[in-house]
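# Structure assessment
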Amino acid sequence: MNAAPREDERVTAASREGERVTAAPRDGERVTTVPLDGKRVTTAVRTPDGTSTARRADERGATGAPGASAHPAPTHHTARGMNTALRAGTPANPATVHIPATVHIPATVHIPATVRIPAPDGTPLATDLCLPDTPGPHPAVVIRTPYGRTAHRAELRGWAAHGFAALAQDVRGRHGSPGLWHPYRDHEEGDGAATVAWVRAQAWSGGRVVAVGSSYAAHCALVTALGAPGDGRPDAVIAAVPALGLAETAREPAGPERLWARAGWWAAHGDRPDSAPDALDRALADDPGLLEHLPVTRLADRLGRELPSWPGLWDDCRRGRTVLRGSAARLPLLAVGGTRDPFAEDTVALWRGWGGPARLLLGPWGHRLTADRPLLAPDRVNLGALYVRWARAALAGRLEPERRGVITLGGSGRWHRVQADGTRRAEGASARTATWAFDAPNGLRLLHGGEFTADPARPVRSDDLTVPAPADGTPADRCLLLSPPLPRPLDLAGPATARFHATADTPAADWAVRLTALDPAGRAEPLAFGIVRRSGPPGEAAEITVPLGTLGRRLPAGTRLRTEIAGHHFPAHARNPHTGENPVTATRLAPSRRAVTARGGALHLTAVARRRYVEPVPEICR
């Protein structure tokens, strides 16, 4: 008989990233003119001292050092306490980075000037430019973003304080730049190349350019770096939490659709020149069941505005084009990601496949480069200072040619090297595969749900860590397994995978695996997640392999590992209708009866056996 879980195994608390960012004020601006390359241009400057007050209000993130803030205030769409770092999607806006100023920045000197840089077709792209107060020529940093260039003004001042000419540009069709906004279209490469060529033609330019960006802006930086040789190609690229393309952002590698994140991003930014970060939240307030309506492609009908690009974003299923192009690159790359970022595996693949000198920093962060709990001091990395140091080394040709990377052990304040081969294990640390066999005394004990029903009308939710015990006479909605308490602390640094044999009585089935760490008091913290899609004859037994991403964590003694196997992970992912129809166009739903064979199944985690730590910044910059 399957035992029901004890009360401390039915956990209701879900952790959140919970970061707060204050927005830069838009009032109190004045218009002035400053000399730029022998000309006078008009710029808006905040008064009374011309400085931005945008600051991270919570210092639990990756940076926390004084300096200029960089990216727009990130917005996560939260529902029922969903852990935003494990929702397998991207938030509305990207990360925040501080470029610390080691010297006082006079308010009258580093004033961002707005210029118009012509695209190849003549479209004037609005660009904020900030020059150092020292004589040129200067190296340059170029940021191209759809989230609003003005949010980068403080960051530009920070770069300028370190001797870089710094530019932030609104991409075509967004904010101050005219034209049509078509995410991930080819014009990003051409517009980026035209901008880099313009920079090199200026009298203040020393000719060396670094393309920088986070999330979609990282895509802009990468396609510019991977463009045709010539004056339009930068000399180095920094790509943080990169959102590489439509397919990579819309779907998991195995096919399931990232519904919540794409709905939030497209509602906020799609088919409009400005942004409404809370658009999905407002729509959900009016209709809490908004994402349950079918078909998914008709979402725009319920948002109250036209969104013509929404149905087509699901059509592109070709992944890996940027990674493939990167294999021919010869310029340096700094790839920054987080073990809790849904795009972490794309970040690792980009680094591993890059043809030039490549560096990887994989910290304990989500997509915003912020942590979901307070960090130990050694966990923190001042990304702004790292960017400056790395950019100088890259432009000076001081980076060693081999591939180097480091991964955090979140919760320990320690970092390890990452192997450059395909294992993603901690190098030089005697990494081993720790296996928890299903239904074994020292493995994962089956609590209930060896047979369960995956009903898309009542899906297992991604925003709720509660695991209810099945009511009498009703089938379980998931398979639930639990490990004994860890006898000693466990360091995890590398890939995680779940493998098991199972059957489904429907022709199409998704298999979602959620791994949760339970502390001795029973409090739950999401640890890893993966979902795959499989089609096959109903009732046919199959071996299911679910990649769970790359883990970088220290688990204290007494921790138990809870593993859930379910058929849905909604609303983070669209529901598989089990009818064989496309989940984004389906209008009918059907339940699917599942059976998991415990014997032979296992959870595989990469553990560190011998600890050899490194300092992340020196390792990245050599």
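Residues numbered from 1 in each chain as written. Predicted model: local features only at pLDDT ≥ 70, side-chain atom pairs only at ≥ 80, totals over all residues. Heavy atoms only, no water.

## Side note on the overall build of the chain
Scanning the chain for helices and strands turns up 11 helices and 22 strands. For the chain, with 622 residues in total, the buried portion stands at 61%. A separation threshold of at least 6 residues defines the contact pool for the chain, and within that pool the share at least 24 residues apart is 79%. A total accessible area of about 22,700 Å² is found for the chain, and carbon and sulfur atoms account for 51% of it. (Helix = DSSP H or I, 4+ residues; strand = E, 2+ residues; numbered from the N terminus. Buried < 20%, exposed > 50% of the residue type's maximum accessible area, 1.4 Å probe, protein only. Contact = heavy atoms within 4.5 Å. Areas by Shrake-Rupley, 256 points an atom, 1.4 Å probe, with all protein chains shown as cover.)

## Some remarks on unusual backbone geometry
In most cases, non-glycine residues show a negative phi, while peptide bonds are predominantly trans. The omega angle of the peptide bond from L294 to P295 is -5°, so this bond is cis rather than trans. Mapped onto the secondary structure, P295 falls in the loop between α6 (279-286) and α7 (299-303). Unusually for a residue other than glycine, D271 sits at a positive phi of about 55°. Residue classification places D271 among the partly exposed residues on the basis of a relative accessible area of 28%. In this model, D439 sits at a positive phi of 60°, which is unusual for a non-glycine residue. Within the element layout of this structure, D439 appears in the loop between β13 (431-437) and β14 (445-448).

## A short note on the environment of P132
Mapped onto the elements of the fold, P132 is located in the loop between β4 (124-130) and β5 (138-145). P132 gets classed as buried once you look at its relative accessible area, which sits at 10%. For the pair P132 and G163, spaced 31 residues apart in sequence, the C-alpha separation works out to 5.5 Å.

## Notes on the packing of aromatic side chains
Aromatic ring pairs are defined here through the distance separating the ring centres and the angle between the ring planes. As enumerated under the stated definition, the model contains 11 aromatic pairs in all. Measuring from centroid to centroid gives 5.3 Å for W310 and W314, while their planes differ by 90°, and the two rings are edge-to-face. Since its relative accessible area comes to 0%, W310 is described here as buried. The exposure class of W314 is buried, given its relative accessible area of 2%. Three or more aromatic residues joined by ring pairs form one cluster here, namely W181, Y184, Y216, W265 and W266. One residue, R174, lies across the ring of W181, its end atom 5.3 Å from the ring centre. Positioned above the aromatic ring of F570 is the side chain of R575, whose terminal nitrogen or guanidinium carbon lies 4.8 Å from the ring centre. (Phe/Tyr/Trp six-rings, centres within 6.5 Å; stacked < 30°, edge-to-face > 60°. Lys NZ or Arg CZ within 6 Å of the ring centre and 35° of its normal.)

## Topic: the nonpolar core
Among the nonpolar cores identified, the biggest contains 39 residues, and W436, F500, W511, I565 and L605 are the most heavily contacted of them. Among all residues touching W436, those that are not within four sequence positions of it are N442, G443, L444, S483, L486, L490, L561, G601, A602, L603 and L605. Counting 36 residues, the second largest nonpolar core, distinct from the first, contains L334, L361, W390 and V406. (Core = buried A, V, L, I, M, F, W, Y, C linked by side-chain atoms within 4.5 Å.)

## Structural notes on the pattern of salt bridges
This model, assessed by the stated rule, comprises 37 salt bridges. Measuring nitrogen to oxygen at the nearest pair gives 2.8 Å for the salt bridge that ties R404 to E400. Residue R404 is classed as buried on the basis of its relative accessible area of 13%. A salt bridge links R478 to E564, with the shortest nitrogen-to-oxygen separation between them at 2.7 Å. With a gap of 86 residues between them, R478 in the loop between β15 (451-454) and β16 (479-482) and E564 in strand β21 (residues 560-566) connect regions that are remote in the sequence. For the pair R478 and E564, one class covers both residues: buried. (Salt bridge = Lys/Arg side-chain N within 4 Å of Asp/Glu carboxyl O.)

## Overview of the packing of helix α5 (residues 259-269) against α6
As a packed pair, α5 and α6 sit with axes 7 Å apart at the nearest point and diverge in direction by 110°. Classified by the angle their axes make, α5 and α6 are roughly perpendicular. Two secondary-structure elements touch here, α5 through W260, A263, G264, A267 and A268 and α6 through A279, L280 and L284. Among the residues forming the contact of α5 with α6, the class breakdown is seven nonpolar, one polar and no charged. (Axes fitted to C-alpha atoms, helices over the stretch in contact; angles between N-to-C directions. Parallel < 35°, antiparallel > 145°, perpendicular 65-115°, else oblique. Nonpolar A, V, L, I, M, F, W, Y, C, P; charged D, E, K, R; others polar.)

## Here's the deal with the sheet that holds β4
Note on sheets: strands pair through backbone hydrogen bonds, and any given pair is parallel or antiparallel. Taking strand neighbours across the sheet as the criterion, the 10 strands line up as β3-β4-β6-β5-β7-β8-β9-β10-β11-β12 in an open arrangement whose pairing is mixed. For this open sheet the edge positions go to β3 (113-118) and β12 (414-417), each flanked by a neighbour on one side alone. Across the sheet, the axes of successive neighbouring strands diverge by a mean angle of 20°, strand direction being ignored. Looking at chain direction, strand β7 (residues 205-214) and strand β8 (residues 236-240) are connected through five bridges and run parallel. In the sheet register, V210 faces β8, and the bridge partner there is A236. Sheet strands touched by helix α2 (residues 187-200): β3, β4, β5, β6 (165-170) and β7. Its angle to β5, the strand with the most contacts, is close to 155°. (Pairing = 2+ DSSP bridges.)

## So, the packing of α2 against helix α3 (residues 216-225)
Following both chains from N to C, one finds α2 and α3 inclined at 70°, their axes separated by 8 Å at the closest point. By the criterion of interaxial angle, the relationship of α2 to α3 is roughly perpendicular. Contacts between α2 and α3 involve E188, E189, G192, A193 and V196 from the first element and Y216, H219, C220, V223 and T224 from the second. Residues belonging to the contact of α2 with α3 are distributed by class as follows: five nonpolar, three polar and two charged.

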